[in-house]
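Descriptive analysis of the structure
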Amino acid sequence: MTSHKLFPSATLLVPESELSDYAHIPLAEKLTVPDAIQGISSLRNEVLRRFKEDAIIMLDDDISACVCMVSLRCRKLSPEEALAMITNSAWCARGAGARLIGWHQRSDPRLLQRNDPFGINHWVGGAVGVVRDEHGGVPRWDELLKCKCDIDASLQELLDNRIVWNEARFCFVQERDKNLGGNSLFRSAERIATEKRHLKRKWKAHIKFENYKSQERVAIDAPRRQSVALN
């Protein structure tokens, strides 16, 4: 677990039976969730039921850094800068009418389009923000999905609310699908394949799975801008 080093004021949520395993983590507030809540989708829904703040940021426990990608080399943000950045992202999402917030998925400054620093139709993962709308409404996660639930929730929010706020100038660095514990207890090649088939049937041409240099990539296709052709 590394995320607490970047966000020392965060609240830690752990299963009731595992609370003692986290006694060494120097966070002021540690809360438990019932052991019956299994999988990241169920946990996200539980967080949104329990906490009533206007904006909530849910962070995976293995985040090692938050980097700014607007220069030729990535620069790591301090804990104070990272907190200010996610606060600003929440305010921007509120102003744009978005309920779901995400950041860049890959910490490669070559992938950032500097004339297009904010996205409105990308999927979220790793670090996920939720902003309540004027009626207190929030996105919901499909609890039948254990591994690909964030992609599904992003597409569902694009269908229901038409926008997902993406702050592309910053990226949370973490190891994906490699750590033990947590959601890895439910992750298997068979389950991932089953969930990918389900998502492909549900979203059809709006989702695409592919491999690049032995790594899996996920792309969603939900255009929010009119195409322009110059003759």
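Keep in mind it's a predicted model, so treat the numbers as computed, not measured. (Residues numbered from 1 in each chain as written. Predicted model: local features only at pLDDT ≥ 70, side-chain atom pairs only at ≥ 80, totals over all residues. Heavy atoms only, no water.)

With respect to the overall build of the protein chain
Note the cut-off: Starting at the N terminus, helices and strands are each numbered in turn, a helix being any DSSP run of H or I of at least four residues and a strand any DSSP run of E of at least two. Throughout this description, buried means an accessible area under 20% of the type-specific maximum (1.4 Å probe, protein chains only), exposed means over 50%, and partly exposed covers the range between. Pairs of residues are marked as contacts when any of their non-hydrogen atoms sit within 4.5 Å. Areas reported here follow the Shrake-Rupley algorithm with a probe of radius 1.4 Å; residue values treat only the protein chains shown as occluding. Charge assignment: positive for Lys and Arg, negative for Asp and Glu; neither His nor the chain ends contribute. To locate a charge, take NZ of a lysine, CZ of an arginine, CG of an aspartate or CD of a glutamate.
Within the protein chain, the secondary structure is distributed over five helices and 11 strands. Projected onto the principal axes, the alpha-carbon positions of the protein chain cover approximately 65 × 45 × 40 Å. Buried positions account for 39% of the 231 residues belonging to the protein chain. The long-range fraction of contacts in the protein chain, counting pairs at least 24 apart against all pairs at least 6 apart in sequence, stands at 70%. Accessible area for the protein chain stands at about 13400 Å²; split by element, carbon and sulfur atoms hold 52% of it. Distance between charge centroids for the protein chain: 6 Å, based on 35 positive and 31 negative side chains.

Description of helix α3 (residues 79-96)
Rule in force here: The length a helix should cover is 1.5 Å for every residue beyond the first. As used here, the arc is the angular range of directions from the helix axis to the C-beta atoms.
Compared with an ideal rise of 1.5 Å per residue, which puts 18 residues at 26 Å, α3 spans 26 Å between its outermost C-alpha atoms and is within 8% of the ideal. Residues of α3 that are buried include every one of A82, M85, I86, S89, A90 and A93, and no others. Down the axis of α3, the buried side of the element spans an arc of 140°, and every buried residue falls inside it. Looking at α3, the residues exposed on the side facing more than 90 degrees away from the buried face are E80, W91 and G95. In this structure, the buried side of α3 is in contact with α1 (3-6), β3 (55-59), β4 (63-68), β6 (100-104), β8 (127-131) and β9 (165-174). Positive phi shows up at G97, right after α3, with a value of about 85°.

A word on the pattern of salt bridges
In plain terms, the rule: For this document, the term salt bridge refers to a Lys or Arg side-chain nitrogen within 4 Å of an Asp or Glu carboxyl oxygen.
Tallied over the entire structure, the rule returns 13 salt bridges. The closest approach of N and O atoms between E81 and R75, which form a salt bridge, is 3.3 Å. Here R75 falls in the partly exposed class, since its relative accessible area comes to 43%. Between R225 and D116 there is a salt bridge, and its shortest N-O distance comes to 3.1 Å. Of this pair, R225 sits in the segment after β11 (215-220) while D116 sits in the loop between β6 and β7 (118-119), and the two are 109 residues apart along the sequence. For D116, a relative accessible area of 24% corresponds to the partly exposed category. Linked by salt bridges that have partners in common, E46, R49 and R50 make up one network.

Concerning the pairing of β11
The condition that has to hold: DSSP calls a pair of strands paired once it identifies at least 2 bridges connecting them.
Strand direction decides the pairing type here: strand β10 (residues 207-212) and β11, joined by six bridges, are antiparallel. Bridge pairing in β11 places N211 opposite E216.

Observations concerning the environment of R187
Mapped onto the fold, R187 is located in the loop between β9 and α5 (189-203). Look at R187 and you get partly exposed, because its relative accessible area is 24%. Once the C-alpha coordinates of R187 and R114 are considered, the two residues, 73 residues apart in sequence, prove to be 36 Å apart.

That is the geometry; function is a separate question.
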